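This is what each chain is made of:
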Amino acid sequence: MIPEIGHFALVLAMCLAIAQAIFPLVGTMNNTPSWAGLARPLAWGQALFLTIAFGALTYAFLVDDFSVRYVAANSNTLLPTVYKISAVWGAHEGSLLLWAFFLGIWSAAIAILSKSLTQEVVSRVLAVMGMINAGFVSFMLFTSNPFERLFRIPAEGRDLNPLLQDVGLALHPPTLYLGYVGFSVAFGFAIAALIGGRLDASWARWSRPWTTAAWVWLTLGITIGSWWAYYELGWGGWWFWDPVENASFMPWIAGTALMHSLAVTEKRGAFRSWTLMLAILAFSLCLLGTFLVRSGVLTSVHAFAADPARGIFILIFLLIVIGGSLALYAWRAPSIFSGGRFDLVSRESFLLGNNLLLTVFTFLVLFGTLAPLVYDALEWGKISVGFPWFNKMFLMVTPFLAVLIGFGPLMRWKRTDPAWLMKKLRIAMIISVIIGLIAFIPSISKGSLLVPLGMFLVAWVITSHITAIIDRLKHKQGISHFFADIAGKGRSYYGMVLAHLGVAMFILGATMVSHHGVDKDLRMSPGESAEISAYRFQFNGVVRTPGPNYTANQGKFTIFLDDKEVAVLEPQKRTYFAQGRPMTEAAIDWGLTRDLYVSLGEDLGDGDWSMRLYYKPFVRWIWLGGLAMALGGVLCISDRRYRTKKQKNQQLAQSDAANTLATENS
């Protein structure tokens, strides 16, 4: 009965999504307020029915309802409850339902929290989001129904993929999808602005907090995914440029450029074309990622499906959304005024450089991801674009971005005096150069300039932002003014500072672990020891240990530093009952400045085992940097100017229109 309720709720949600895509938009075009006013109740209804559908599938997992094909394929009675819940989105059909559910929640949030916006804007934004969800729910119902029944009910399910039976994978898809789906809001605002022809600063102010929220969730999703891959896959890496990893990274890069472009559009009324195109690009890349993951065109540990029919459906939907939005952009482009003038040395110029670098990097990653697929599809042969190529592209762009990040906080709108700027930053530059030279000395023997370059960039970002904060508070005294500034009007500014410091933390972690990390593949017998970077790993043997739905060979290692015990690690090689697949569970001694990592390999007989030992300096700073970026975004969202009342927003919109007219006339 419950699965039927879920299926019926999906049908009703699709009907409401179609109505949401049509009636509000027609109402704004024909000046029919009653139709336009349907946007909010339709969004609420759609969210309600998608919540019912999602709840029904979750219930089916919790009660082991193996009459549902999706439940039987991805769960069993021995699966721990927390993983029964995460199994809801652990495969193709459920992950698609999670996407539609989140899109319904975002639509309802727009309907509830947009009372300060005009009905015309809300109706158009929700109509665009309704169209998107109509496509996804239709895709579910016609090709990927999570409530499809089995005629012969199995006594036991097949179990969830062992790779997904982990807290990291329980958290990674929801946070990632909240980011993916959140960019549909930025896309909706952009399309609404193009339809209405209203491209002043007010639409950028309305869109900016929603875009930042989506970026925060996507940042968290990518960070959690990288952390999961590091400790769960047993290879000790944190990013491999896997095509599905790239599918989430590309919208993040475009979304980062979009956030900076929105700042210029809001403050100066400039970069409107950039902002609109980046909003379209960011969401288009989210849809492209969906196509890559679910179409079967690539193989990855992250991919969900290998069904070409589903891929064709998504590809057609992708072409309609991207093609339609680009056609609308081309139609409106001649009427888009570029904004006010600015000097070469100005905040606008530096943000333009930021946009160019991020956009170029986005297309480089896109090229590297799609080139092997295109060559194969056109029968031009097989090519491989791998880890070294992506790393070279990353290293080509990152230093320039970090330099711009350092200058950014002290730049002024329209014009910045170069002499004043260099005077302000001379101490930061001197400190950064000294730190880079100190890092250069031990790197001479290795012949690599990457470590000193990385340390210079880290010091540059940190010291330049400290300089900017001191300059901001130069007329105020006492630490209390600093906290008052954070609590008052400066929250968005300090959010930007924290996010940029997160970039510095990431560069520090990536530089140190890439060039000072050590790993060894060994064959070890009980009682043997191996040394890595002053740490002695003593292998004490392997014992059998039971788990809730698996058995494991569990190794034991005692780790010493200067003959003092610092950690005991117990890596496992698990075999799951239902599928019989062996899985590696690494053991890690976490630390702020280093990780000690052991991955158990194969039984070689006579008590000997193959294993991999790692010393990972500062690797944790990579994910701490991601968390700092996300927290910086949260601070930006909480800025007071995004919580203004309707009357004040209307006054701001009128002021924006007047300022835009004045700028155009100038």
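Residues numbered from 1 in each chain as written. Predicted model: local features only at pLDDT ≥ 70, side-chain atom pairs only at ≥ 80, totals over all residues. Heavy atoms only, no water.

Some points on the overall build of the protein
Now for step 1: Helix and strand counts for the protein stand at 20 helices and 10 strands.
Now for step 2: The C-alpha radius of gyration of the protein comes to 27 Å, within 12% of the 26 Å expected for a compact globule of 666 residues.
Now for step 3: Taken along its principal axes, the extent of the C-alpha atoms in the protein is 85 × 70 × 55 Å.
Now for step 4: Taken across its 666 residues, the protein has 57% of its residues classed as buried.
Now for step 5: Counting only contacts in the protein whose residues sit at least 6 apart along the sequence, the fraction spanning at least 24 positions is 73%. (Helix = DSSP H or I, 4+ residues; strand = E, 2+ residues; numbered from the N terminus. Rg over C-alpha atoms; globule rule 2.2 N^0.38 Å. Buried < 20%, exposed > 50% of the residue type's maximum accessible area, 1.4 Å probe, protein only. Contact = heavy atoms within 4.5 Å.)

Regarding the packing of aromatic side chains
Now for step 1: Considering all chains together, one arrives at 38 aromatic pairs under this definition.
Now for step 2: With centroids separated by 5.5 Å and ring planes inclined at 85°, the aromatic side chains of Phe 136 and Phe 317 adopt a geometry described as edge-to-face. Taken together, the residues span a long stretch of sequence, with Phe 136 in helix H7 (residues 119-143) and Phe 317 in helix H12 (residues 308-332) at a distance of 181 residues. Note on accessibility: Phe 136 and Phe 317 belong to one class, buried. (Phe/Tyr/Trp six-rings, centres within 6.5 Å; stacked < 30°, edge-to-face > 60°.)

Quick word on helix H3 (residues 39-62)
One full turn of an α-helix is made of 3.6 residues, so residues set three or four places apart face in the same direction.
Now for step 1: The terminal C-alpha atoms of H3 lie 35 Å apart, and with 24 residues this matches the ideal 34 Å at 1.5 Å per residue to within 8%.
Now for step 2: Of the residues trailing H3, Asp 64 is marked for its positive phi of about 55°. (Expected span 1.5 Å × (residues − 1).)

Concerning the state of the cysteines
What we call a disulfide is simply a covalent bond connecting the sulfur atoms of a pair of cysteines.
Now for step 1: Tallied over the entire structure, the rule returns 0 disulfides.
Now for step 2: Residue Cys 286 stays outside any disulfide, its sulfur separated by 20 Å from that of Cys 636, the closest cysteine. (Disulfide = S-S within 2.5 Å.)

Topic: the nonpolar core
Now for step 1: Membership of the largest hydrophobic core comes to 159 residues, with the highest contact counts inside it found for Leu 10, Trp 99, Phe 183, Phe 189, Trp 238 and Phe 361.
Now for step 2: For this core, the leading source of residues is helix H8 (residues 167-196), giving 16 residues.
Now for step 3: Residue assignment places this core across two domains, with domain 1 (1-165) and domain 2 (518-620) each supplying three or more.
Now for step 4: If sequence neighbours within four positions are ignored, Trp 238 has contacts with Ser 226, Tyr 230, Phe 506, Ala 510, Val 513, Ser 514, Val 619, Ile 622 and Trp 623. (Core = buried A, V, L, I, M, F, W, Y, C linked by side-chain atoms within 4.5 Å. Domains from an automatic or database assignment.)

What about the domain arrangement of the protein?
Now for step 1: Once the domains are mapped, the protein shows domain 1 (1-165) and domain 2 (518-620).
Now for step 2: Here the C-alpha centre of domain 2 lies 42 Å away from the C-alpha centre of domain 1.
Now for step 3: The interface is formed by 11 residues belonging to domain 1 together with 8 residues belonging to domain 2.
Now for step 4: Buried area between domain 1 and domain 2, both sides added, is near 830 Å², and the carbon and sulfur share of it is 56%.
Now for step 5: At the surface where domain 1 touches domain 2, the tally comes to 0 salt bridges.
Now for step 6: Linking domain 1 to domain 2 there are 1 residue pair in polar contact (both at pLDDT 80 or more).
Now for step 7: Here the residues of the side of domain 1 that touches domain 2 sort into 6 nonpolar, 3 polar and 2 charged. (Buried area = accessible area lost by both parts, 1.4 Å probe. Salt bridge = Lys/Arg side-chain N within 4 Å of Asp/Glu carboxyl O. Polar contact = N/O pair within 3.5 Å; in protein donor to acceptor, adjacent residues only side chain to side chain. Nonpolar A, V, L, I, M, F, W, Y, C, P; charged D, E, K, R; others polar.)

Focus: the sheet that holds strand E8 (residues 587-589)
Now for step 1: Here 4 strands make up an open sheet; going across it, the order is E1-E10-E9-E8 and the pairing antiparallel. Of all strands in the sheet, those bounded by a partner on one side alone are strand E1 (518-524) and E8. Mean inter-strand twist for the sheet, computed between neighbouring axes without regard to direction, equals 20°.
Now for step 2: Two strands pair when backbone bridges link them, and E8 and strand E9 (residues 594-605) are joined in this way by 3 bridges, in the antiparallel orientation. When the sheet's bridge partners are listed, Asp 589 is paired in E9 with Leu 596.
Now for step 3: Helix H9 (residues 201-232) contacts E8, E9 and strand E10 (608-617) of the sheet and is inclined by roughly 45° relative to E9. (Pairing = 2+ DSSP bridges. Axes fitted to C-alpha atoms, helices over the stretch in contact; angles between N-to-C directions.)

Quick notes on the pairing of strand E7 (residues 582-585)
Now for step 1: Pairing of strand E6 (residues 572-576) with E7 involves 4 bridges; the strand directions are antiparallel. Note on E7: the bridge partner recorded for Arg 574 is Met 583.

Regarding the packing of H3 against H7
Describing two packed helices takes the angle between their axes plus the distance from one axis to the other.
Now for step 1: Look at H3 against H7: their axes get within 9 Å of each other, and the N-to-C directions meet at 30°. Considering the angle they form, H3 stands roughly parallel to H7. Note on packing geometry: the crossing formed by H3 with H7 is left-handed. On H7, the residues touching Ala 39, Arg 40, Ala 43, Gln 46 and Leu 50 of H3 are Gln 119, Val 122, Ser 123, Leu 126, Asn 133 and Val 137.
Now for step 2: Of the residues contributing to the contact of H3 with H7, the split by class is 6 nonpolar, 4 polar and 1 charged. (Parallel < 35°, antiparallel > 145°, perpendicular 65-115°, else oblique. Left-handed = near helix turned anticlockwise from the far one by under 90°.)

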